[in-house]
Amino acid sequence: QSVLTQPPSASGTPGQRVTISCSGSSSNIGSNYVYWYQHLPGTAPKLLIYRTNQRPSGVPDRFSGSKSGTSPSLAISGLRSEDEAHYYCAAWDDSLRAVVFGGGTKLTVL
Amino acid sequence: QVQLVESGGGVVQPGKSLRLSCVVSGFTFSSYAMHWVRQAPGKGLEWVAVISYDGSNKYQTDSVKGRFTISRDNSKNTLYLQMNSLRDEDTAVYYCAKDLYSTLLFPAPGDSWGQGILVTVSS
C-alpha cells in the first residue's frame, strides 16, 4: 500500500491532454514539494517535475506540474506515442522521515 | 556527461549480505545528496535511503532499518548500500540517484539515475 495514491491507469489519444492526480496527506504533499517521474521498463526513471511545478532542462514543456490545495497533478499535453510509460509522484514525508512514492500510473496512448 | 553505474548485485540466499556500489562521473559527487531506490518485480518504485553530501545525515525506509546501511566515499566518487539479513522481499532492481541538492532539507531523487542492478534473494 503506497503512502501516496495515484490512479493505476490513464489513457488518451495522440494530441490529447491528460492529467494524472496524486493524493496524500498533510505530512507529505500538504507541506512539501512534489516530484514527478517517468519510467519505461528496463530504463532509468526520468525526473519530469521537481518542486511541484518546475521542469528540469531538457523536459518538454508539454509536461507540467501543478497543485490545487493539497492535490498535485501532472499534465501532459499534445500526447505522443512515446509518452506511453509509468508515471510516479513522490514527496518527502515529515512524519515518516522518508521519501514516499505513489503506486504509479500506467499511461496508455491509444 | 553524467553517469551513475551500479554494481554488486546478484543472487544471494536469505539471511546473507550484499554490498551495492554506485560509481559516478560527470558531476561533483561531493556536492550532492544521493539516494537508493528499488523496484520489486511487477511493483512500483520504492525509496530505500538517502545520504547527505558529506555523509553526516541519513534516512532510510522503515522496512530496511537495522539491516541496510547507506554510505559514501567522496574521494572515490562512490555511493554504497550495505545490505544485511536479506529477505525474499528485498528482491528488486536497485537504482542509485542523484538529488538536486546537497543537504536533506527537501530530499528526493533528482535528475540523474543509474540503469539499475538486480538483486535476487532466493534459496
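In this text the structure is predicted, and so the values were computed from the model without any measurement.

### Section: the side chain of Thr 78 of chain B
Here Thr 78 of chain B shows up in strand E8 (residues 78–83). Only 2.7 Å separates the side chain of Thr 78 of chain B from the backbone oxygen of Lys 76 of chain B, close enough to count as a polar contact.

### Here we look at the pairing of strand E10 (residues 109–113) of chain B
Residues and elements named next belong to chain B. Of all the five residues making up E10, four are buried; the element is thus mostly covered by neighbouring parts of the structure. As judged from the three bridges shared by strand E9 (residues 92–99) and E10, these two strands associate in the antiparallel manner. Pairing of Lys 98 across the sheet is with Ser 112, part of E10.

### A look at the pairing of strand E5 (residues 45–51) of chain B
Residue and element names in this part refer to chain B. Burial analysis of E5 places six of its seven residues in the buried class, which makes it a mostly covered element. Note: strand E4 (residues 34–39) against E5, six bridges, orientation antiparallel. Bridged to Arg 38 within E5 is Glu 46. Taking the residues that link successive antiparallel strands as the turn, the E4-E5 hairpin has five residues, and the phi of Gly 42 there is positive, at about 75 degrees. Here E5 folds back onto strand E6 (residues 58–60) in antiparallel fashion, the turn holding six residues, of which Gly 55 has a positive phi close to 80 degrees.

### Examining the interface of chain A and chain B
On the side of chain B, 22 residues touch chain A, which itself brings 19 residues to the contact. Summing both partners gives a buried area of about 1900 Å² for chain A against chain B, and 66% of it is carried by carbon and sulfur. Counting the surface chain A buries against chain B, the share from its top three residues, Trp 92, Val 99 and Phe 101 of chain A, is 26%. At the boundary of chain A and chain B, one finds zero salt bridges.

### A word on the sheet that holds strand E5 (residues 63–68) of chain A
Residue and element names in this part refer to chain A. Strands sit in the order E2-E6-E5 across an open sheet of three strands; the sheet is antiparallel. Whereas interior strands pair on both sides, the edge strands pair on one side only; in this sheet they are strand E2 (18–21) and E5. This sheet shows a mean twist of 25 degrees between the axes of neighbouring strands, independent of strand direction. Examined bridge by bridge, E2 and strand E6 (residues 71–76) share four bridges and lie antiparallel to one another. Along E6, the bridge assignment pairs Ser 21 with Ser 73.

### Brief notes about the state of the cysteines
Residue and element names in this part refer to chain A. This structure, assessed with the given rule, holds two disulfides over all chains. Across the disulfide from Cys 22 sits Cys 89; the S-S distance is 2.1 Å. Here Cys 22 and Cys 89 share a disulfide; its torsion about the S-S bond, 75 degrees, makes the bridge right-handed. Linking Cys 22 in the loop between E2 and strand E3 (34–39) with Cys 89 in strand E7 (residues 85–93), this pair joins segments that are 67 residues apart in sequence. The exposure class assigned to Cys 22 is buried, which follows from its relative accessible area of 2%.

### A look at the nonpolar core
Trp 36, Leu 79, Leu 81, Met 83 and Tyr 94 of chain B are the most contacted members of the largest nonpolar core, which has 26 residues in total. Of all the elements in the fold, those that place two or more residues in this core are strand E3 (18–25), E4, E5, strand E7 (68–73), E8, E9 and strand E11 (117–121) of chain B. When residues of this core are assigned to their parent elements, the largest contribution, four residues, is made by E3 of chain B. Sequence-distant contacts of Leu 81 of chain B, that is, excluding residues within four places in its chain, are made with Leu 18, Arg 19, Leu 20, Trp 36, Val 48, Phe 68, Thr 69, Ile 70 and Tyr 94 of chain B. Counting 22 residues, the second-largest nonpolar core is a separate cluster that includes Leu 4, Ile 29, Val 34 and Val 59 of chain A.

### Brief notes about the packing of aromatic side chains
Taken as a whole and assessed by the stated rule, the structure comprises eight aromatic pairs over all chains. Measuring from centroid to centroid gives 5.7 Å for Tyr 37 of chain A and Phe 101 of chain A, while their planes differ by 45 degrees, and the two rings are tilted. Of this pair, Tyr 37 of chain A sits in strand E3 while Phe 101 of chain A sits in strand E8 (residues 98–101); the two residues are 64 residues apart in sequence, bridging distant segments of the chain. Just as Tyr 37 of chain A is buried, Phe 101 of chain A falls in that class too. An angle of 85 degrees between the planes, with centres 6.4 Å apart, marks the rings of Trp 92 of chain A and Trp 47 of chain B as edge-to-face. Pair noted here: Trp 92 of chain A is in strand E7 and Trp 47 of chain B is in strand E5, and the two residues belong to different chains.

### Overview of the sheet that holds E7 of chain B
All names here are of chain B. With respect to topology, four strands assemble into an open sheet ordered E1-E3-E8-E7, the strand pairing being antiparallel. Edge positions in the open sheet fall to strand E1 (3–7) and E7, since each of these has one partner strand only. Between one strand and the next, the sheet's axes are offset by a mean angle of 15 degrees, whatever the strand orientation. As paired strands, E7 and E8 are joined by six bridges and run antiparallel to one another.

About the criteria used
- Residues numbered from 1 in each chain as written.
- Chains lettered and ligands numbered in written order.
- Predicted model: local features only at pLDDT ≥ 70, side-chain atom pairs only at ≥ 80, totals over all residues.
- Heavy atoms only, no water.
- Helix = DSSP H or I, 4+ residues; strand = E, 2+ residues; numbered from the N terminus.
- Polar contact = N/O pair within 3.5 Å; in protein donor to acceptor, adjacent residues only side chain to side chain.
- Buried < 20%, exposed > 50% of the residue type's maximum accessible area, 1.4 Å probe, protein only.
- Pairing = 2+ DSSP bridges.
- Contact = heavy atoms within 4.5 Å.
- Buried area = accessible area lost by both parts, 1.4 Å probe.
- Salt bridge = Lys/Arg side-chain N within 4 Å of Asp/Glu carboxyl O.
- Axes fitted to C-alpha atoms, helices over the stretch in contact; angles between N-to-C directions.
- Disulfide = S-S within 2.5 Å.
- Core = buried A, V, L, I, M, F, W, Y, C linked by side-chain atoms within 4.5 Å.
- Phe/Tyr/Trp six-rings, centres within 6.5 Å; stacked < 30°, edge-to-face > 60°.

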